[in-house]
Amino acid sequence: MAGLFDSLQLKSVTLRNRIGVSPMCMYSAAEGLIDDWHLVHLGARAAGGAGLVIAEATAVAPEGRITPGDAGIWNDAQAERWAGVFRFVRAQGAVAGLQLAHAGRKAGAAVPWAGGAHLADTAGGWPTLAPSAIAFGGSLGRVPAAMTDADLARVQADFAAAARRARAAGAEWLEVHAAHGYLLHEFLSPLSNRRMDLYGGSFENRIRFPREVVRAVREVWPENLPLTVRFSCTDWAEGGWTIDESVELARRLKSEGVDLIDCSSGGAVPDAKIPAAPGYQVPFAARIRREAGIATAAVGLITGAAQADAIVRAGDADLVLLARESLRDPNWPLRAAKELGATALPPRQYLRAW
Ligand code: 531
């Protein structure tokens, strides 16, 4: 079985190792336009040896931003900024990825360092969309509008247009965000989807809109490049979305041309009991990989080199994604290679330090 520092080929893309930087919101864009912060943040992690750098949740439409500081890709000026970042990431030997997102009923909130609560329209917030007119709750109390058929068609087209722009900007790996209580996950979970039409009720109906979005993205995203989807594999809540449903959805998406499932969890409701512990989401990646026969990424409280290597060697996941650990140490892959006795090349400018 492969180890952490073996390369990974998915479609025509080859990662130099099985370490990816998980998409992490910087909340530092203006009108969806990223800036030098994003170049330095993502560029440093590519230079630090990651095989894959997935840029943060990037809104496909302005009303789909979690906060006014979210990155966007609903226009060409935004895509042009991304092009500079992707060019630099690729020049460091990493594969450049982007996560496409719509925050649904969790949109229009303050940035975390301003409290993270929903903003009134007079304070920079905006009306939100969701499958049903049910608020998330807690500090995210705004009641969203239940999406009409026209809304569904428009958001689907927004995802496809964003995917086209991502490709034109040089992204080589695309992730559709269907997790963490954002719009597509809101359709999947019975806790947020109470629709009585073709898009709610049964499993088939709840997966319909996420599937339509993925299909629309797959049509415009090149066949030879990886398309991935992030799941919340369970809601960790009574009556919510389950790992069994995730396995079945993974099978369906595989047949729609999805190449990998990024296995996270939670975020559907504020009162979920999440048993967070080192590697607590790895069993989801393992089950989906084995039972749906699709590549998976493991994410969540993965911090150690030996821990990450063991996940890959056990065949629990094809790829490990680091989030907060990568913020703490952008050079984590280079350090992990030393610890495991593997080879990972630092940028030539830094060679004498390694
Ligand atoms: C953390 C989070 C993890 C799991 C469930 C819910 C939330 N996140 C995820 C984010 C943004 C901020 C914090 C995204 O997925 C965009």
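One can find the structure itself at the top, above this paragraph.
The structure displayed is predicted, hence computed values, not measured ones. (Residues numbered from 1 in each chain as written. Predicted model: local features only at pLDDT ≥ 70, side-chain atom pairs only at ≥ 80, totals over all residues. Heavy atoms only, no water.)

### Topic: the site of the ligand
Within the structure, the ligand sits among C25, Y27, A57, I66, H177, H180, Y182, S265, G266 and G267. Separating an oxygen atom of the ligand from a side-chain N or O atom of H177 is a distance of 2.8 Å. H180 places a side-chain nitrogen or oxygen 2.6 Å from an oxygen atom of the ligand. Relative to its unbound accessible surface of 400 Å², the ligand loses 64% to contact with the protein. When its residues are assigned to classes, the shell around the ligand shows five nonpolar, five polar and no charged. (Near = heavy atom within 4 Å. Polar contact = N/O pair within 3.5 Å; in protein donor to acceptor, adjacent residues only side chain to side chain. Areas by Shrake-Rupley, 256 points an atom, 1.4 Å probe, with all protein chains shown as cover. Nonpolar A, V, L, I, M, F, W, Y, C, P; charged D, E, K, R; others polar.)

### A closer look at the environment of S255
Mapped onto the fold, S255 is located in helix α6 (residues 243-255). There is a polar contact of 2.7 Å between the side chain of S255 and the backbone oxygen of R252. (Helix = DSSP H or I, 4+ residues; strand = E, 2+ residues; numbered from the N terminus.)

### Some points on the packing of helix α8 (residues 305-313) against helix α10 (residues 332-340)
Two numbers describe a pair of packed helices, the interaxial angle and the distance between the axes. The N-to-C vectors of α8 and α10 enclose an angle of 80 degrees; their axes lie 9 Å apart at closest approach. Taken together, the axes of α8 and α10 are roughly perpendicular relative to one another. Of the residues in α10, those in contact with A305, A306, A308 and D309 of α8 are W332, A336, E339 and L340. (Axes fitted to C-alpha atoms, helices over the stretch in contact; angles between N-to-C directions. Parallel < 35°, antiparallel > 145°, perpendicular 65-115°, else oblique. Contact = heavy atoms within 4.5 Å.)

### Looking at the pattern of salt bridges
Under the defined criterion, the tally for this structure stands at 22 salt bridges. Note that R154 is salt-bridged to D151, the shortest N-O span being 3.1 Å. With R154 and D151 both in helix α3 (residues 149-168) and three residues apart, the pair spans about one turn of that helix. With a shortest N-O distance of 2.7 Å, R230 and D262 are connected by a salt bridge. (Salt bridge = Lys/Arg side-chain N within 4 Å of Asp/Glu carboxyl O.)

### Points about the pairing of strand β12 (residues 295-299)
Regular strands have side chains that alternate between both faces of the sheet. Of all five residues in β12, five are buried; the element is thus mostly enclosed. Along β12, one buried face is formed by A295, A297 and V299 and the opposite face, lined by T296 and A298, is buried too. In this structure, strand β11 (residues 260-264) lies alongside β12, joined through four bridges in parallel fashion. Across the sheet, L260 pairs through a bridge with A295, a residue of β12. Since β11 and β12 lie parallel, the crossover through helix α7 (residues 282-292) that links them has a hand, and here it is right-handed. Two strands pair when backbone bridges link them, and β12 and strand β13 (residues 319-322) are joined in this way by three bridges, in the parallel orientation. Counterpart to A298 in the pairing with β13 is V320. (Buried < 20%, exposed > 50% of the residue type's maximum accessible area, 1.4 Å probe, protein only. Pairing = 2+ DSSP bridges. Right-handed = clockwise from strand over helix to strand, strands pointing away.)

### Some words on the nonpolar core
Grouped together as the largest cluster of nonpolar side chains are 100 residues, with contacts concentrated most on W82, W173, F209 and I288. Counting residues per element, this core draws most heavily on helix α5 (residues 203-220), at eight residues. Filtering out sequence-adjacent residues up to four positions away, W82 remains in contact with I34, L42, A55, E56, T58, A71, G72, I73, L98 and A169. Counting seven residues, the second largest nonpolar core, distinct from the first, contains Y27, A107, V111 and Y182. (Core = buried A, V, L, I, M, F, W, Y, C linked by side-chain atoms within 4.5 Å.)

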